[in-house]
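Residue-level listing of the chains:
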Amino acid sequence: MNLTLRVWRQKNAHTPGEFREYEATGIVPDMSFLEMLDVVNEGLIARGGEPIAFDSDCREGICGTCSLVINGIPHGGQRGTTACQLHMRHFKDGDRITIEPWRARAFPVLRDLVVDRSPFDRIVQSGGFVSVNTGQAVDANCLPVPKDDSDLAMDAAQCIGCGACVAACKNASAMLFVAAKVSHLNLLPQGKAEKDRRALNMVKAMDEAGFGNCSVTGSCEAVCPKEISLDFIARMNRDYAAALLKGKFHAKAQAAGG
Amino acid sequence: MNLFSLIFGSSLGKKFVMAISGALLFGFVVAHMLGNLQVFLGPEQLNAYGHFLQTTPEILWPARLGLLAMVVLHIWSAIRLSRENKAARPIAYAVQKTVKASYASRTMLMSGLIIAAFVVYHLLHFTVLMQAVNLTGQNFSALLDVKGRHDVYRMMVIGFSHPAVALFYLIAVGLLCLHLSHGVSSLFQSLGLKNKFYGACLDRFAKFASLILFLGYAAIPSAILLGLVK
């Protein structure tokens, strides 16, 4: 099949970008979207052009590296699918496809379709962990975890941190990502000890990164390749409210003061 | 960090402010509709109700001040949140596509602003009784019934007999109900009181309550224009 691509090209974060058109010829329907871009890039390189820069790593839908807005929808609009697992059979011969990077102030474009998602790392560093003393690993079954809790925690832990939620949200809000990261640890007994502090600190890091706010439109859960539920945002809101009601911010200030 | 800055300075805190003020304003909208529907019970009932409110300042003024505070908090949080939302996406997508987001959820700011403009008009019209805005040339404050009370019933009938006034009212309550069809279920989400077990039920409640409110409010000018209430 033959396609026309309209791709965002941008040299670096400080140079304004623009759309450029490319012909993708000889595309096999079994190719993934990224393999199609590989073919286009090989053609560009052969003609001495600059290949289109895009992020990819595992190419099996589990690493969260690919980040393309395809025809206005992050990851292309196939339910529960990353761009690397999106196959060309979902397109028709002669289609015109627009490819854009994630658009958010917190995710500046580094080059073409590659954006800087390090704000997500800073959010995780602020509370997406469990503090444990080193030593021997505890026996796997000595800490009982209710099955419902572990299932729910696993649903949240599926988040691969791709940022499609931010890309899809009309407010470029990172609530679904932060909610997944807060919830998967807050649900488990190992994470409960730092529950209040985690909710407060991760929300603070999110706000500082310059993401928008939640309008409860549900776009994020609709495009999430791991189908993380909007319910986790309610859970994060609840954890945050509980931390405020318990006055946990005072305890933290005292600890910080020594 | 203190509690004040965590509530009024954080993203989630501002959503709490918006949700709680919205919930209380929703309560007012329900009570106000029930009060207004007394027009169908006749002049005696409605004028007695109006007289009761006007002569009971210990209820009237706390309610008015409380409502004003809620409106201020609701609008303040809306402005802050939407400015942050606009700033969070400085470059728009070339291809704009809406996934899942309902029309109501995407237009909350616009519906809210038009409702706010209507509320100002509505207060000048029926509370301040400003003669210039009622478009009928009549002085509403001079309307008294046989018992010497303010004739709220005739004020309503005369007020809505002007088609432009009635139309603006119908548009505003339509937008109010669009706003509430999203807001009433979202406020539970913002306060963390929603999950998959009863979330769908809340969504249905929001739509149902909005529809009932629309029918209740729209019934009054419609009945007056159709001559059913004279």
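Scroll up to find the structure.
Because the structure is predicted, anything quoted here is derived from the model rather than measured.

Caption draft 1: Broad picture of the packing of aromatic side chains. All chains considered together, the criterion is met by 15 aromatic pairs over all chains. Pairing Tyr240(A) with Phe16(B) gives two aromatic rings, centres 6.1 Å apart and planes at 50°, and the pair type is tilted. One end of the pair, Tyr240(A), is in helix α9 (residues 231-245); the other, Phe16(B), is in helix α2 (residues 11-36), on a second chain. The exposure class assigned to Phe16(B) is buried, which follows from its relative accessible area of 7%. Relative to Phe140(B), the ring of Phe126(B) lies with its centre 6.2 Å away and its plane at 25°, an arrangement referred to as stacked. Remark: Phe140(B) occurs in the loop between α6 (108-126) and α7 (152-160) and Phe126(B) occurs in helix α6; sequence separation between them is 14 residues. The buried category is assigned to Phe140(B), whose relative accessible area is 0%.

Caption draft 2: Geometry of a nonpolar patch on the surface. On the surface, Trp61(B), Leu65(B), Leu68(B) and Val72(B) cluster together into a nonpolar patch covering about 430 Å² of accessible area. Looking at the secondary structure, you find Leu68(B) in helix α4 (residues 57-88).

Caption draft 3: Structural detail: the sheet that holds strand β2 (residues 18-24) of chain A. Residues and elements named next belong to chain A. The sheet built from 5 strands is open, its strands ordered β2-β1-β5-β3-β4 with mixed pairing. Two strands bound the open sheet, and with one partner strand each, they are β2 and β4 (73-74). With 7 bridges connecting them, strand β1 (residues 3-9) and β2 associate as antiparallel partners. The partner of Leu 3 across the bridge, within β2, is Ala 24. Helix-sheet contacts for helix α1 (residues 33-46) involve β1, β2, β3 (69-70) and β5 (96-100), and the interaxial angle to β1 is about 80°.

Caption draft 4: Structural detail: α1(A). Residue and element names in this part refer to chain A. Over its 14 residues, α1 runs 20 Å from end to end, which matches the ideal 20 Å to within 8%, given 1.5 Å per residue. By the burial criterion, the buried members of α1 are Phe 33, Leu 34, Met 36, Leu 37, Val 40, Asn 41 and Leu 44. Around the axis of α1, the buried residues are gathered within 150° of arc, so they sit on the same side. For α1, the exposed residues lying more than 90 degrees away from the buried face are Glu 42, Ile 45 and Ala 46. On its buried face, α1 is in contact with β1, β2, β3 and β5.

Caption draft 5: Looking closely at the environment of Met130(B). Structurally, the position occupied by Met130(B) is in the loop between α6 and α7. Along the chain, Met130(B) and Pro163(B) lie 33 residues apart, while their C-alpha atoms are 18 Å from each other.

Caption draft 6: Representation of the packing of α2(B) against α4(B) within the structure. Residue and element names in this part refer to chain B. It is the contact of α2 with α4, at a shortest axis distance of 9 Å, that shows an interaxial angle of 140°. Taken together, the axis directions place α2 and α4 in an arrangement best described as oblique. Of the two possible hands of crossing, α2 and α4 adopt the one that is left-handed. Between α2, through Ser 11, Lys 14, Lys 15, Val 17, Met 18, Ser 21, Gly 22, Leu 24, Leu 25 and Phe 28, and α4, the contact on the second element is made entirely by Leu 67, Met 70, Val 71, Leu 73, His 74, Trp 76, Ser 77, Ala 78, Arg 80, Leu 81 and Glu 84. Of the residues assigned to the contact of α2 with α4, the class counts are 12 nonpolar, 5 polar and 4 charged.

Caption draft 7: Representation of the side chain of Ser185(B) in the model. Residue placement: Ser185(B) occurs in helix α8 (residues 163-190). Filtering out sequence-adjacent residues up to four positions away, Ser185(B) remains in contact with Lys194(B), Leu202(B), Asp203(B) and Ala206(B).

Caption draft 8: Broad picture of the environment of Ala209(B). Among the secondary structure elements, Ala209(B) is positioned in helix α9 (residues 199-225). In this structure, the C-alpha to C-alpha distance between Ala209(B) and Ala88(B), residues 121 residues apart in sequence, is 33 Å.

Caption draft 9: Broad picture of the interface of chain A and chain B. Of the residues lining the interface, 50 residues belong to chain A; the matching set on chain B comes to 39 residues. Contact between chain A and chain B buries roughly 3600 Å² in total, counting both sides, with carbon and sulfur atoms accounting for 58%. Looking only at chain A, the three residues that lose the most surface to chain B are Arg103(A), Asn213(A) and Val216(A), adding up to 16% of its buried area. Taken together, chain A and chain B are joined by 25 residue pairs in polar contact (both at pLDDT 80 or more).

Caption draft 10: Geometry of the packing of helix α3 (residues 147-157) of chain A against helix α5 (residues 175-186) of chain A. Residue and element names in this part refer to chain A. Orientation of α3 relative to α5, taken along the N-to-C sense of each, is 150°, at an axis distance of 8 Å. The angle between the axes of α3 and α5 places the two elements in the roughly antiparallel class. Between α3 and α5 lies a crossing of left-handed hand. Only Ala 180, Ser 183 and His 184 of α5 make contact with α3, whose side of the interface consists of Ala 153, Ala 156 and Ala 157.

Caption draft 11: Molecular detail of the pairing of β5(A). Residues and elements named next belong to chain A. Counting buried positions along β5 gives 4 out of 5 residues, so the element sits mostly inside the fold. Alignment of β1 against β5, held across 4 bridges, turns out to be parallel. From the neighbouring strand, Arg 6 faces β5, where its bridge partner is Thr 98. In the sheet, β3 pairs with β5 via 2 bridges, with the strands oriented antiparallel. Its bridge partner being in β5, Val 69 is matched across the sheet by Glu 100.

Calculation notes
Residues numbered from 1 in each chain as written. Chains lettered and ligands numbered in written order. Predicted model: local features only at pLDDT ≥ 70, side-chain atom pairs only at ≥ 80, totals over all residues. Heavy atoms only, no water. Phe/Tyr/Trp six-rings, centres within 6.5 Å; stacked < 30°, edge-to-face > 60°. Helix = DSSP H or I, 4+ residues; strand = E, 2+ residues; numbered from the N terminus. Buried < 20%, exposed > 50% of the residue type's maximum accessible area, 1.4 Å probe, protein only. Patch = residues over 30% accessible without salt bridge, like charges linked within 9 Å, V, L, I, M, F, W, Y side chains within 5 Å. Areas by Shrake-Rupley, 256 points an atom, 1.4 Å probe, with all protein chains shown as cover. Salt bridge = Lys/Arg side-chain N within 4 Å of Asp/Glu carboxyl O. Pairing = 2+ DSSP bridges. Contact = heavy atoms within 4.5 Å. Axes fitted to C-alpha atoms, helices over the stretch in contact; angles between N-to-C directions. Expected span 1.5 Å × (residues − 1). Arc of directions from axis to C-beta. Parallel < 35°, antiparallel > 145°, perpendicular 65-115°, else oblique. Left-handed = near helix turned anticlockwise from the far one by under 90°. Nonpolar A, V, L, I, M, F, W, Y, C, P; charged D, E, K, R; others polar. Buried area = accessible area lost by both parts, 1.4 Å probe. Polar contact = N/O pair within 3.5 Å; in protein donor to acceptor, adjacent residues only side chain to side chain.

That's the geometry; what it means functionally is another story.
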